[in-house]
Amino acid sequence: MKSILREYKQARSEQISSYCLPIIVDGKVLGQLKPLTIDSIENEEVIKSLMEWRLAAGQWFATQFPANEEGTRAWAQHQILEVDDRILFILEDEEQTPIGQIGLMHYDEVAHTCEYDNLLRGRKGRYGNIVLHALLTLGAWSLRELGLQKGYLNVLSDNARAIHIYETLGAVEVERTPLRKEVVGDVIRWVAAEGQLTGEPEREMVTMVVTRAAFVSRFGQMIELENGEGKSWT
Ligand SMILES: CC(C)(COP(=O)(O)OP(=O)(O)OC[C@H]1O[C@@H](n2cnc3c(N)ncnc32)[C@H](O)[C@@H]1OP(=O)(O)O)[C@@H](O)C(=O)NCCC(=O)NCCS
């Protein structure tokens, strides 16, 4: 099944439109999720956007570093395209302008689990809640195409916006890991504290889980699944 991810990531420019996931709200296409491919890596505008978004939102990720274009290109190539169980989608608005990103990693085709990661809205789109609909689109796709039963999300405890969106999707907290700050040069890392803490941790990593049942019971009527699964849950 990981071949599905490979197929999306290896889509050539002339086929790419059939690998984009349309974001449809009330029958209207508000944007799409476009898989990151070799064409994206060769597109300076895309790489520049990914770099700028990551720089601006660094504090909401466990590693904060001075991103540059070369490093972003290498990351996209070696950490996304060449990693079998991982995919990244570029969130585009209705004019196909990139406005954000969302991906999944650690896709386990036996356990039917993955971790959703790298959510980021880099630019304001015309629609305020485009991120929620992008996540619904990715969620529905991963249930349908990957047969997903459970998706994990790791989010820093002070990221109220992201936690609020994940809860709206049906995710619940299952674990909280105290973190300590590690600074090496201009890189800041929040790493698991592992019993070295005295007093309250400065930050925590919250692990949330959204199950297929929870997602389908909330959004089954909005998403297309085979065998009328959505309908039977609602
Ligand atoms: C997380 C992120 C993608 C959310 O996208 P967004 O377009 O900003 O989302 P919204 O502004 O619609 O906010 C999402 C929800 O959180 C709510 N919210 C906003 N600020 C909040 C706060 N301080 N406390 C609680 N909820 C809050 C909003 O009201 C909205 O809920 P609603 O739709 O029910 O009104 C975006 O803020 C982002 O890119 N952040 C930086 C990167 C990041 O944090 N990524 C996630 C890593 S785990």
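Before reading on, note that the structure itself is shown above.
Small disclaimer: the values here were computed from a predicted structure and weren't measured.

Rules behind the numbers
Residues numbered from 1 in each chain as written. Predicted model: local features only at pLDDT ≥ 70, side-chain atom pairs only at ≥ 80, totals over all residues. Heavy atoms only, no water. Helix = DSSP H or I, 4+ residues; strand = E, 2+ residues; numbered from the N terminus. Rg over C-alpha atoms; globule rule 2.2 N^0.38 Å. Buried < 20%, exposed > 50% of the residue type's maximum accessible area, 1.4 Å probe, protein only. Contact = heavy atoms within 4.5 Å. Areas by Shrake-Rupley, 256 points an atom, 1.4 Å probe, with all protein chains shown as cover. Lys, Arg positive; Asp, Glu negative; His and termini not counted. Charge placed at Lys NZ, Arg CZ, Asp CG, Glu CD. Axes fitted to C-alpha atoms, helices over the stretch in contact; angles between N-to-C directions. Parallel < 35°, antiparallel > 145°, perpendicular 65-115°, else oblique. Left-handed = near helix turned anticlockwise from the far one by under 90°. Nonpolar A, V, L, I, M, F, W, Y, C, P; charged D, E, K, R; others polar. Polar contact = N/O pair within 3.5 Å; in protein donor to acceptor, adjacent residues only side chain to side chain. Near = heavy atom within 4 Å. Phe/Tyr/Trp six-rings, centres within 6.5 Å; stacked < 30°, edge-to-face > 60°. Pairing = 2+ DSSP bridges.

When its secondary structure is counted, the protein chain shows eight helices and 10 strands. Its C-alpha atoms give the protein chain a radius of gyration of 18 Å, within 12% of the compact-globule value 17 Å for 234 residues. Relative to its 234 residues, the protein chain shows a buried fraction of 47%. Considering only contacts within the protein chain whose residues lie at least 6 apart along the sequence, 63% involve residues at least 24 apart. For the protein chain, the exposed surface amounts to about 12400 Å²; the carbon and sulfur share of it is 48%. Of the side chains in the protein chain, 25 bear a positive and 35 a negative charge, and the two mean positions are spaced by 3 Å.

We now examine the packing of helix α5 (residues 130-146) against helix α7 (residues 212-219). Contact geometry of α5 with α7 gives a least axis separation of 11 Å together with a crossing angle of 125°. Put simply, α5 runs oblique to α7. In terms of crossing hand, the pair formed by α5 and α7 is left-handed. Within the contact between the two elements, α5 uses L136, G139, A140 and L143 and α7 uses R212, F215, V216 and F219. Taken together, the residues that form the contact of α5 with α7 break down as six nonpolar, one polar and one charged.

Right, let's talk about the side chain of S40 for a bit. As for its placement among the helices and strands, S40 is situated in helix α2 (residues 38-41). Here the side chain of S40 touches T37 through a polar contact of 2.8 Å, landing on its backbone nitrogen. Sequence-distant contacts of S40, defined by excluding residues within four places in its chain, comprise P35, V46 and I47.

We now examine the site of the ligand. In the vicinity of the ligand lie 16 residues, with L119, R121, N159, R161 and H164 positioned nearest. R121 is positioned such that a nitrogen or oxygen atom in its side chain is 2.5 Å from an oxygen atom of the ligand. Contact distances for the ligand include 2.6 Å between an oxygen atom and a side-chain N or O atom of R161. When the free accessible area of the ligand is taken as 940 Å², the share hidden by the protein chains comes to 66%. At the level of elements, β6 (113-121), β7 (150-156) and α6 (160-168) are the ones that each hand at least two residues to the shell around the ligand.

Next up on the list: the packing of aromatic side chains. According to the stated counting rule, one finds five aromatic pairs in the structure shown. Ring geometry for Y8 and F89: centres 6.5 Å apart, planes at 70°, overall edge-to-face. Here Y8 is found in helix α1 (residues 2-9), whereas its partner F89 is found in strand β4 (residues 87-93), with 81 residues between them in sequence. As far as burial versus exposure is concerned, Y8 and F89 are alike and both buried. Seen in terms of ring centroids, F89 and W141 are 5.4 Å apart; in terms of plane orientation they differ by 80°. Their pairing is edge-to-face.

Here we come to the pairing of strand β5 (residues 98-108). Of all the 11 residues making up β5, nine are buried; the element is thus mostly covered by neighbouring parts of the structure. Pairing analysis gives six bridges linking β4 to β5, with the strands arranged antiparallel. Within β5, the position partnered with I90 by the bridge is Q101. Between the end of β4 and the start of β5, which pair antiparallel, lie four residues, with Q96 showing a positive phi angle near 65°. Here β5 runs beside β6; their pairing, made up of six bridges, is antiparallel.

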